[in-house]
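Read off the chains here:
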Amino acid sequence: MRIFTWFDSNFCQRLESRGLTSDNSQHSQHPQHSLQSVLEMSVNSDNDEIISLASLRALESMSLCSTGDQLLFFTSSLTETEICFLLRLLRFSAIPVVVNAADWEDEGVSRLLQCGRVTFVPGELAHQRVLSIIQLSRLRFTQATAQTQKVLALEWSLEAQKLIAKAKVALQSQGLSESQAHKALQQQAMERGISIEKLVHQLF
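This text gives an overview of the structure that appears in the document. (Residues numbered from 1 in each chain as written. Predicted model: local features only at pLDDT ≥ 70, side-chain atom pairs only at ≥ 80, totals over all residues. Heavy atoms only, no water.)

### Focus on the environment of T67
Threshold: Put simply, DSSP H or I for four residues or longer makes a helix, DSSP E for two residues or longer makes a strand, and each gets a number counted from the N terminus.
Within the secondary structure, T67 is located in the loop between α4 (57–60) and β3 (69–77). For the pair T67 and R2, spaced 65 residues apart in the sequence, the C-alpha separation amounts to 9.8 Å.

Right, dumping it as structure tokens:
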């Protein structure tokens, strides 16, 4: 799995001020590098590739996989711009997302959590908990995706029933009985090798 990481400079500086990232001189001018090394040690999996993002926009140009990619999003203060980006990402390229923020507004977090695919971790996230948080977020994402698919399937089925009724009315206006109209729809569906539900979605 590819684990993409994003963290702003204020978040990294806050960690460094508390001595939570390495003091290696090689990393001292680049706090994101030292935090990245902490994450790599925390995940500690040969199957995971941790990729540090220089820009969030980079995600929008990538082909993302819901079962093979994940985003760890670290910020000192969760802004409206960041919330809008994450919601857009979840709409068009949904992947499991962990958001860790020191400061946030309840309304903004509520918007993120509505879809069920985001795991929000408030305050300071101990690096020892990163792996368990990742596992939790993947589980939440899988369950939320399954629930979303069930809802969409139900909505599609209900819409199909409305369209079937509409098609029957159209056929009955041509002199067919309700049963004859139903049989006519069945016949058309069989000829096309599709279900009646798919047929009426094609017709209307």
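### Regarding the pairing of strand β5 (residues 118–122)
Taken residue by residue, a regular strand's side chains alternate between the two faces of the sheet. Using the following cut-off: Per-residue accessibility, obtained with a 1.4 Å probe over protein chains only, is compared with the maximum for each type, and a residue is labelled buried under 20%, exposed over 50%, and partly exposed between these values. Pairs of strands are assigned from DSSP output, requiring at least two bridges between the strands. By the criterion used throughout, a crossover qualifies as right-handed when its path from the first strand across the helix to the second strand runs clockwise, the strands pointing away from the viewer.
For β5, the tally of buried residues reaches 4 of 5 residues, placing the bulk of the element in the interior. Note that strand β4 (residues 97–103) and β5 share 5 bridges and pair parallel. Bridge pairing in β5 places V97 opposite V118. Viewed along the sheet, the connection from β4 through helix α6 (residues 106–113) into β5 turns out right-handed.

### Side note on the pattern of salt bridges
Put simply, the rule reads: Here, a salt bridge means any Lys or Arg side-chain nitrogen found within 4 Å of an Asp or Glu carboxyl oxygen.
Per the stated rule, a full pass over the model turns up 5 salt bridges. Linking D69 and R2 is a salt bridge whose minimum nitrogen-to-oxygen distance equals 2.7 Å. Taken as a pair, D69 in strand β3 and R2 in strand β1 (residues 2–7) lie far apart in primary sequence, 67 residues in all. D69 gets classed as buried once you look at its relative accessible area, which sits at 2%. Judged by relative accessible area, which is 27%, R2 ranks as partly exposed. Residues R111 and E107 are paired through a salt bridge, measuring 3.7 Å at the closest nitrogen-oxygen approach. Residue R111 and its partner E107 are located together in helix α6, separated by 4 residues, close to a single helical turn. Connected through shared salt-bridge partners, R57, E60 and R88 make up one network.

### Side note on the pairing of β3
Of all the 9 residues making up β3, 8 are buried; the element is thus mostly covered by neighbouring parts of the structure. Where β1 and β3 come together, 6 bridges link them in parallel fashion. Each bridged residue has a counterpart across the sheet, and for I3 the counterpart in β3 is Q70.

### Observations concerning the sheet that holds β1
What counts here: Whenever a helix is involved, its axis is fitted only over the stretch in contact; in every case the axis is a line through C-alpha atoms, and angles between N-to-C directions fall within 0 to 180 degrees.
If you trace the 5 strands from one edge of the open sheet to the other, you get β2-β1-β3-β4-β5, paired in parallel fashion. Both outer strands of the open sheet, β2 (49–52) and β5, are each paired with one neighbouring strand and no more. Neighbour to neighbour, the strand axes of the sheet diverge by 20° on average, direction disregarded. Pairing geometry for β3 and β4, over 6 bridges, is parallel.

### Considerations on the packing of helix α7 (residues 130–172) against helix α9 (residues 196–203)
Rules: Relative orientations are named as follows: roughly parallel for angles under 35 degrees, roughly antiparallel for angles over 145 degrees, roughly perpendicular for angles from 65 to 115 degrees, and oblique for any other angle. We call two residues in contact whenever any of their non-hydrogen atoms come within 4.5 Å of each other. Amino acids are sorted into nonpolar (Ala, Val, Leu, Ile, Met, Phe, Trp, Tyr, Cys and Pro), charged (Asp, Glu, Lys and Arg) and polar (every other residue, Gly among them).
Their axes nearest at 9 Å, the elements α7 and α9 cross at an angle of 70°. Our classification of the angle between α7 and α9 gives roughly perpendicular. Residue-level contacts link W156, E159, A160, Q161, L163, I164 and A167 of α7 to I196, E197, K198, V200 and H201 of α9. The class makeup of the residues in the contact of α7 with α9 is 7 nonpolar, 2 polar and 3 charged.

### Notes on the side chain of S76
Looking at where S76 falls in the secondary structure, it is placed in strand β3. Owing to a relative accessible area of 9%, S76 belongs among the buried residues under this scheme. Look past the residues within four positions of S76 in its chain and what remains in contact with it is D8, N10, F11, A101, A102 and D103.

### Some thoughts on the nonpolar core
Stated precisely, the cut-off is as follows: Side-chain atoms within 4.5 Å link the members of a nonpolar core, which is a set of buried Ala, Val, Leu, Ile, Met, Phe, Trp, Tyr and Cys residues.
L59, L71, F73, L78, L86, V97 and V99 are the most contacted members of the largest nonpolar core, which has 22 residues in total. The set of elements that each furnish at least two residues to this core consists of β1, β3, α5 (80–92), β4, α6 and β5. With 5 residues, α5 is the single largest residue contributor to this core. The contacts of L78, once residues within four sequence positions are left out, are F73, I83, V99, A101, D103, W104, V109, L112 and F120. One finds I3, F74, V130 and I133 within the second-largest nonpolar core, a separate group that totals 12 residues.

### Things to note about the packing of aromatic side chains
This is how the line gets drawn: Side-chain rings of Phe, Tyr and Trp (the six-membered ring for Trp) are treated as a pair once their centres are within 6.5 Å; stacked means planes under 30 degrees apart, edge-to-face means over 60, and tilted covers the remaining angles.
This structure, assessed with the given rule, holds 2 aromatic pairs. Judged by centre distance (6.3 Å) and plane angle (50°), the rings of F7 and F74 are tilted. Here F7, found in strand β1, pairs with F74, found in strand β3; they are 67 residues apart in sequence, far enough to count as distant. Residue F7 shares its accessibility class with F74, and that shared class is buried. Ring plane angle 70° and centroid distance 5.3 Å describe the contact between W104 and F120, whose orientation is recorded as edge-to-face. Of this pair, W104 sits in the loop between β4 and α6 while F120 sits in strand β5, placing them 16 residues apart in sequence. For W104, a relative accessible area of 32% puts it in the partly exposed group.

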